[in-house]
Amino acid sequence: MNAVDDAILDPTVGWLVLAAFSVIWIFLGWFWGRGSDQLDDYVLAGRRVGLALGTATAMATWVTSNTTMAAPQLALQMGVWGMFGYSLGAVGLIMFAPLAGRIRRLMPTGYTSGDFVRLRYGKTAWRIFLVISLCYSLGWLVSMGMAGGVLINALTGIPYHYGMSVILTICVGYTLLGGFRAVIGTDFIQALLILVGLVIIAVLAITTVGIDTIHSAVLEERPELLNLLMPAGIMFLFNNLLFGIGEIFHSNVWWSRAFAFRPGVGTKAYTLAGLLWAPIPIVAGFVALAVPALDLNIPAADMVGPMVAATVLGTAGAVLVLIMVFSALSSSLDSLLAATSILVVEDIYRRHIRQDASAAHLRRVTAWVIVGLGVLTWLLCAPRIATLAELLYFTGAFVASTIWPIAAGLFARRAGALGAISGMVFGSAAGIASYFAIGFYVAALVGAAVSMACVLIGMLLGSREFDWGRLHERGLVQAGSPA
Amino acid sequence: MPDPGPAPRVRPVAAALAVLALTMSPGAQAATLEADQYASSEGFYQLRWEAEEPVRLVEARSPGFVDAETLYTGSDSAHVVSGKPDGSFYYRLESAEGGQVLSEPVMVTVRHHSLGRALAFFAIGAIVFVSTLGLIAFSSSGSDERR
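Rules behind the numbers
- Residues numbered from 1 in each chain as written.
- Chains lettered and ligands numbered in written order.
- Predicted model: local features only at pLDDT ≥ 70, side-chain atom pairs only at ≥ 80, totals over all residues.
- Helix = DSSP H or I, 4+ residues; strand = E, 2+ residues; numbered from the N terminus.
- Rg over C-alpha atoms; globule rule 2.2 N^0.38 Å.
- Buried ≥ 20, exposed ≤ 12 C-beta atoms within 10 Å, placed from the backbone.
- Contact = placed C-beta atoms within 7 Å.
- Nonpolar A, V, L, I, M, F, W, Y, C, P; charged D, E, K, R; others polar.
- Pairing = 2+ DSSP bridges.
- Axes fitted to C-alpha atoms, helices over the stretch in contact; angles between N-to-C directions.
- Domains from an automatic or database assignment.

## Thoughts on the overall build of chain A
(1) Moving on: When you go through chain A residue by residue, the secondary structure sums to 20 helices and zero strands.
(2) Moving on: Here the C-alpha radius of gyration of chain A, 22 Å, is about what a compact globule of 483 residues would show, namely 23 Å.
(3) Moving on: For chain A, the spread of C-alpha atoms along the principal axes amounts to about 60 × 50 × 40 Å.
(4) Moving on: Across the 483 residues in chain A, those meeting the buried criterion constitute 64%.

This is how it looks when you write it as structure tokens:
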């Protein structure tokens, strides 16, 4: 159901913008993908990504459609704490900085986060972790595909299935052509487009409406949004922070970058990316507070950002939003496709099915898995299940339960398999229970707290100390081996 | 066993009220209005409706709609309400032109979580966050990977 009566842009304009950027991304994918014949080149950009590209790809990937749509949505729903709390997602990137450096040192030939959990905690923990990670990745992929279809439909009137199909096809296309190198290169351009667009929209919203007008209208019509003691907002703060940490600590999207960055780059890149990302949700969220002053009807909370931009800027604003959203969706979808494909190939195909597979064979399988993930995502997006956005919130309980197994696994020698397994299982269960009993804004928090308790108890009771050398696995596919 | 006494006196009044209600809402079938939740702990919810014509969505603090204020007029079919303080809020649809009532009223009650509960979750979150930060910071500074 489209609760908005009319689309903001003419469909022809929408098709032209989509066509132009589709051609650009596909060309860049082909251009950057030339010569990526070896497995390490294709899936980890040769492990030679520098600081500028590293920072841009981390930041752009973290600017998802969730940032451009959910930050204004949370500002509209939870006010000041909503947008400030969302910006705390930057803490996850900054806290991952020391982890990225350590991952690169401990596992110089590693491929996935699954590799780490398998070597650190054994096969049971590894398989539980894989279920969590793959479900989360698929949920994120599907939510991105659906968001693309919904947003393109709302902005241009282009039917949902066409918009969703276009964005999935383009992202699969250039990821397939260029591999991880294309993902990182396009992320750099997409990050610039998103930042410039966001600044233009925020500045024009403030200068057009005026901060005094915005403040007085919110105070009169939606007073709780400015209440710093709004209970749900207070509860949301650390929940969102821990959700973000959980997403980043466990997901192969971020681990694959840690493996791909040159030695010494990861820590700096993630710190800079976090600092650059932090203001984005505040800027994006702030525009939502202009709704009462603009006397704008918001039919669905996640449409507030695009609708304010289009109202303030007219057709030009809608085109700008379409470009930004297309960039944000692409930068996340391509990263997810690349990182999830290598997780599937390394942790499921190679470790469970073909342990003797050659690098050349794995390179071909990776390409097929990218296509397969694209098709699977399309099939799950096609019915347009309205509750999938809620499903993503639901995953907060699961991913937050991996924070302590990952962090303690990387830094504490006494962290053991029992603590990690119970942390992921009981943390997830407690998080889900709180999701239904209280609300989505406490699920990750409760999941992380219970998981931490389990891991700490495991460390207190355990007596064995882990030998870090066991993480330095000599895999079948060595860096630089002929493909 | 129920007391049959007052019934004869009440029935005519109830019948008159029912007739009055029907008269005041002749278009009860003309539009349907619903909320995605009728009890909110956060002060935000979505109102959705189906109507054949442009509508006016009004909000009031009393069931009689004597203090009604217009939230939206037009052809959209939903409206997001947010930033509401504790209390009961009443909504109904009217025709965009004449103010004719088109839908049954809908009541949403907002009761925020207690501040004590919110601060308890805040404290738990702070403990988990500081502990995680401490684990990483202390372990990073005294890295034992070479041992």
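## So, the interface of chain B and chain A
(1) Moving on: At the junction of the two partners, chain B supplies 39 residues and chain A supplies 43 residues.
(2) Moving on: Put simply, the parts of the chain that give the side of chain B that touches chain A at least two residues each are β5 (69-74), β6 (78-81) and α2 (115-141) of chain B.
(3) Moving on: Split into classes, the residues belonging to the side of chain B that touches chain A amount to 17 nonpolar, 16 polar and six charged.

## Describing the sheet that holds strand β2 (residues 39-40) of chain B
Residue and element names in this part refer to chain B.
(1) Moving on: Within the open sheet, the five strands sit side by side as β2-β8-β7-β4-β5. Their pairing is mixed. Here the strands that pair on one side only, and so sit at the sheet edges, are β2 and β5.
(2) Moving on: As paired elements, strand β4 (residues 55-60) and β5 share five bridges and run antiparallel to each other. What sits directly across from leucine 57, in β5, is tyrosine 72.

## Details of the sheet that holds β6 of chain B
Residues and elements named next belong to chain B.
(1) Moving on: The strand order β1-β3-β6 describes an open sheet built from three strands, whose pairing is antiparallel. On the outer flanks of this sheet lie β1 (31-35) and β6, each paired with one strand and no other. Strand-to-strand twist of the sheet, defined as the mean angle between neighbouring strand axes without regard to direction, takes the value 15°.
(2) Moving on: Relative to β6, strand β3 (residues 45-51) is paired through four bridges, and the arrangement is antiparallel. Opposite glutamine 46, over in β6, you have valine 80 as the bridge partner.

## Some remarks on the domain arrangement of chain B
(1) Moving on: Domain boundaries assigned for chain B yield domain 1 (26-111) and domain 2 (113-142).
(2) Moving on: Inter-centroid distance (C-alpha atoms) of domain 1 of chain B to domain 2 of chain B is 41 Å.

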